[in-house]
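# Chain and residue survey
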Amino acid sequence: MAELSGKVALITGAGQGIGEGVACAMAGAGAAVVVTGRTLAKVEQTAAMIRERGGTALALACNVKSADDLAAAVDRTVAEFGGIDVLVNNAQEVPLGKLDDVTDDAFMAGFESGPLATFRLMKLARPHLVARGGGTIFNFCSSAGIRWDMSGYGAYAAVKQAIRSLTRAAAAEWGGEGIRVLTIAPHAESPGLKWWIENNPEEAQAFFRTIPLGRVGSLEQDIGRALVALCGSDLAYLTGATIPLDGGQANFD
């Protein structure tokens, strides 16, 4: 597979979970990947695994709540690989709990690591995408944003829904520059989902019964490979949309 041969992908939160799965899939498709995360040791493990498979990877420490860290990650990516073709805004601190239980600090951390980081990094990457003739930006949301019963998920859904709005705006404003922007709403075997299952076993069982395909997606094959496909020329007319990679569980307008 070489669908992304010659391309450069910058991926946040790539030390585990979905970010790691996406990085492995894109590297397997021929892209040079820059994997970032707060803990350098974790992203170094991801980069080492990719290199063992024959891929090209660079690991960088980056706290997405830091504007300086985001700028440095973009600068280093361009310095090492000459540009950026794909940006994956995956890292996110999650403010879970009922409204009375979510602190101001947790809520602000959700916004700083989610919508604000996405906003900043899209703008930082934009000139480099334009210089390459365009590219693809992936942002992440959640089906929690469309739950009828929002109890316990209001703060989390709020930060994720804000990201969807930024996706639509960027797709509308930058489409003429060849930049496509998509939101991904995944169900995947991430550490976060495993924690939720362990702490909410009854709700988790009910949740699984609502997935028509009957399983949670694999990180690399179901989520990562889907993003590889979405980067391709066959889907070059798709932008501004929310793509539910969830086995059929959610409906997004």
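Reference entry: report on the structure contained in this document. (Residues numbered from 1 in each chain as written. Predicted model: local features only at pLDDT ≥ 70, side-chain atom pairs only at ≥ 80, totals over all residues. Heavy atoms only, no water.)

The terminal C-alpha atoms of helix 5 (residues 154-174), which comprises 21 residues, lie 30 Å apart, in line with the 30 Å expected from a rise of 1.5 Å per residue. In the core, the buried residues of helix 5 are packed alongside helix 4 (104-131), strand 5 (135-140), strand 6 (179-186) and strand 7 (242-245). (Helix = DSSP H or I, 4+ residues; strand = E, 2+ residues; numbered from the N terminus. Expected span 1.5 Å × (residues − 1). Contact = heavy atoms within 4.5 Å.)

Here we come to the sheet that holds strand 6. One open sheet accounts for 7 strands, arranged 3-2-1-4-5-6-7; its pairing is parallel. Each having just a single partner strand, strand 3 (56-61) and strand 7 make up the two edges of the open sheet. Averaged over all adjacent pairs, the angle separating strand axes in this sheet is 20°, with direction ignored. As paired elements, strand 1 (residues 8-11) and strand 4 (residues 86-89) share 3 bridges and run parallel to each other. Bridge pairing in strand 4 places leucine 10 opposite leucine 87. (Pairing = 2+ DSSP bridges. Axes fitted to C-alpha atoms, helices over the stretch in contact; angles between N-to-C directions.)

Below, the discussion takes up the environment of serine 151. Along the chain, the position of serine 151 falls in the loop between strand 5 and helix 5. C-alpha separation for the pair serine 151 and alanine 29, spaced 122 residues apart in sequence, amounts to 40 Å.

Of note, glycine 15 is situated in the loop between strand 1 and helix 1 (17-28). In this structure, glycine 15 is in contact with Glu20, Thr36, Lys42, Val43 and Thr46, ignoring residues within four places of it in sequence.

For the structure shown, the criterion picks out 0 disulfides. Of all cysteine sulfurs, the one in cysteine 231 lies closest to cysteine 24, which takes part in no disulfide; the gap is 15 Å. On the basis of relative accessibility, which here comes to 17%, the residue cysteine 231 falls in the buried class. (Disulfide = S-S within 2.5 Å. Buried < 20%, exposed > 50% of the residue type's maximum accessible area, 1.4 Å probe, protein only.)

Ranked by size, the top nonpolar core spans 36 residues in total, and within it Ile11, Met26, Val33, Val88, Phe138 and Leu227 carry the most contacts. When near neighbours in sequence (up to four residues on either side) are disregarded, leucine 227 contacts Val22, Met26, Val88, Phe138, Phe140, Ile184 and Leu245. Counting residues in each nonpolar core, the second largest holds 22 residues, with Leu70, Val74, Ala171 and Ile179 among its members. (Core = buried A, V, L, I, M, F, W, Y, C linked by side-chain atoms within 4.5 Å.)

So, about a nonpolar patch on the surface. The grouping of Val94, Leu96 and Trp195 at the surface amounts to a nonpolar patch, some 280 Å² of accessible area in total. A residue is classified by how much of its surface remains accessible, and valine 94, at 45% relative accessible area, is partly exposed. (Patch = residues over 30% accessible without salt bridge, like charges linked within 9 Å, V, L, I, M, F, W, Y side chains within 5 Å. Areas by Shrake-Rupley, 256 points an atom, 1.4 Å probe, with all protein chains shown as cover. Salt bridge = Lys/Arg side-chain N within 4 Å of Asp/Glu carboxyl O.)

Summarising burial for strand 2 (residues 32-37): 6 of the 6 residues are buried, a large majority. What you see with strand 2 is no split at all: Ala32, Val34 and Thr36 on one side and Val33, Val35 and Gly37 on the other are buried throughout. Where strand 1 lies against strand 2, 4 bridges are found, and the strand directions are parallel. For leucine 10, the partnering residue across the bridge sits in strand 2 and is valine 34.

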